[in-house]
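Here is how the chains run, residue by residue.
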Amino acid sequence: MPGLAAAPIVEERRTHPALRIRTVTTPEDFVVLEPVWDSVLRRAVIHHPFLEYAWARTWWECFRHGSRLNILVVLANEEPIAIAPLILTSSRMWGIRVRRLSFLYSDHVPRADFIVAEGHEEAYAAIWNHLRQAGGWDLLQLCQLSEDSPTQDHLRALAAQDGCRTGIWESSLSPYIELSGGRAAYEQGLASKHKSNLRNRLKRLHHMGPVEIETIETSERAAEALDEGFRLEAAAWKRNAGTAIACDPEIARFYRLFARRAAQAGWLRLNFLRVGASRIAFDYSLVYQDRVFLLKIGYDPAFSQYSPSNLLLSLALQRAFDNNFTEYDFLGDQADWKRCWAKDVRRHVWLYIFPGTRKSRLLYLLKFGLVPLIRSIMRRKRGAAA
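Residues numbered from 1 in each chain as written. Predicted model: local features only at pLDDT ≥ 70, side-chain atom pairs only at ≥ 80, totals over all residues. Heavy atoms only, no water.

> Please explain the packing of aromatic side chains as it appears in this structure.
Describing an aromatic ring pair means giving the distance of the ring centres and the angle of the ring planes. This structure, assessed with the given rule, holds 29 aromatic pairs. Relative to Tyr-306, the ring of Phe-303 lies with its centre 6.4 Å away and its plane at 45°, an arrangement referred to as tilted. For the pair shown, Phe-303 and Tyr-306 are each scored as buried. Ring pairs connect the aromatic residues Phe-50, Trp-55, Trp-59, Phe-63, Phe-254, Tyr-255, Phe-258, Trp-267, Tyr-284, Tyr-288 and Phe-293, which therefore count as one cluster. Over the aromatic face of Phe-272 sits the side chain of Arg-279, whose NZ or CZ is 4.1 Å from the ring centroid. Note that Arg-346 overlies the ring of Tyr-176, its terminal NZ or CZ placed 4.2 Å from the centroid. (Phe/Tyr/Trp six-rings, centres within 6.5 Å; stacked < 30°, edge-to-face > 60°. Buried < 20%, exposed > 50% of the residue type's maximum accessible area, 1.4 Å probe, protein only. Lys NZ or Arg CZ within 6 Å of the ring centre and 35° of its normal.)

> Mind showing me how you'd approach the pairing of strand 14 (residues 291-299) here?
Regular strands place side chains that alternate from one sheet face to the opposite one. Most of strand 14 is tucked away: 8 of the 9 residues are buried. Two successive antiparallel strands, strand 13 (residues 278-288) and strand 14, enclose a turn made up of 2 residues, where Gln-289 displays a positive phi of approximately 50°. Across 3 bridges, the pairing between strand 14 and strand 15 (residues 327-329) is parallel. For Phe-293, the partnering residue across the bridge sits in strand 15 and is Asp-329. Handedness of the β-α-β unit built from strand 14, helix 11 (residues 308-322) and strand 15 comes out right-handed. (Helix = DSSP H or I, 4+ residues; strand = E, 2+ residues; numbered from the N terminus. Pairing = 2+ DSSP bridges. Right-handed = clockwise from strand over helix to strand, strands pointing away.)

> Would you take a moment to explain the pattern of salt bridges for this structure?
Oppositely charged side chains are able to pair whenever their charged atoms sit close together. Evaluated as defined, the whole model comprises 23 salt bridges. We note a salt bridge from Arg-279 to Glu-214, for which the minimum N-O separation is 2.9 Å. One end of the pair, Arg-279, is in strand 13; the other, Glu-214, is in strand 11 (residues 211-216), and 65 residues separate them in sequence. Judged by relative accessible area, Glu-214 falls into the buried class, the value being 13%. Across the salt bridge formed by Arg-269 and Glu-217, the nearest N and O atoms sit 3.6 Å from each other. Taken together, the positions of Arg-269 in strand 12 (residues 268-275) and Glu-217 in the loop between strand 11 and helix 8 (219-235) put the pair 52 residues apart, joining distant regions of the chain. (Salt bridge = Lys/Arg side-chain N within 4 Å of Asp/Glu carboxyl O.)

> I keep staring at the environment of Gln-141 and nothing clicks. Help me out?
Relative to the helices and strands, Gln-141 resides in strand 9 (residues 139-146). Exposure remark for Gln-141: the relative accessible area of 7% places this residue in the buried category. Each C-alpha atom, one on Gln-141 and one on Leu-101, is 6.1 Å from the other, the two residues being 40 residues apart in sequence. With sequence-adjacent residues up to four places away left out, Gln-141 is seen in contact with Arg-100, Leu-101, Ser-102, Phe-103, Trp-350, Leu-351 and Tyr-352. (Contact = heavy atoms within 4.5 Å.)

> So what exactly am I meant to see when it comes to empty space enclosed by the protein here?
If a probe the size of a water molecule is rolled over the atoms, the empty space left behind becomes visible. In total, this model carries 1 cavity of 30 Å³ or more according to the counting rule given. Approximately 90 Å³ is the volume found for the largest cavity. Looking at the lining of the largest cavity, its residues break down into 10 nonpolar, no polar and 1 charged. (1 Å grid on protein atoms, 1.4 Å probe; cavity = no way out; pocket = protein on both sides within 12 Å on 5 of 7 lines; lining within 4 Å. Points joined across faces, edges and corners; volume = space filled by probe spheres on them. Nonpolar A, V, L, I, M, F, W, Y, C, P; charged D, E, K, R; others polar.)

Structure, rendered in structure tokens:
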């Protein structure tokens, strides 16, 4: 098996009669895992780019601090059929030291999951049995599982069979647009006021010069475009709030490094709204399997009266329809400006699994018992005081 066979194997277990698990724990092993990862991913039929090897490697290189790789590769007759991209991190919850297994996750990961090739549902049992037998963790925390992921149901059932406590935390509702119905039908469903505002603002902006969308797709031009894009993304409220990409060198490095790799794969779309020679709005998007994914957006507040971000979105959507793309995914959580464009949402959850140790039982009671109770009491008190 290319890639995996060349890597030193830290651990190998047989947790299913016909399957074996190999564990990758070092960065050197992770680097040579790429062809194996790609092979499984292509057979897993995953319709977003956030489980691509390029995304996972970029995350690890930028955000790995304090974590150890614990990537599980499931083999059936030496053929890789599944990958569980996990890390082990020591952290604190309510003052308690916790050994946490999780995805390669941070606030900048819109979606995560196991990678399981089609027709290999038994891989979930192999992954779970390995984790249960290997031990060494107090919490398995699987963040940002999408509503259509089978991982939630499989892992919850397997954990319950072994007497483990589980819990679900509701995460983001990400708006998206189905594009298959065509542009005319979609625009007919938009609010009249929204369409009227766009037309009026575009007309007024045209008085300042030609209005067009500029798109950067190549790694050669990406560095300069990102300098300007990050400036625009931070220009309005995000810099003061501390959430702009430019506020954190590690986050900026992540988006720059991934832009280079995404450009090499043909996914990158750095879009600018231009008025004459000026760039007044920016978005960092990816095109993957005929779907558009909006990662970041920003604008020059000097042009806020023209709603530049919405005008850029309008032009980007026109292009998506013209290219016969199937979906435009806003990612993140709901916001008023997203609801102007999208009616459908994709639900995400975090799955928590606690093994049967005394510490883990305490963590479960705190997370899904005491903390919700306290929050409920506080809400009632605020309601009574209002």
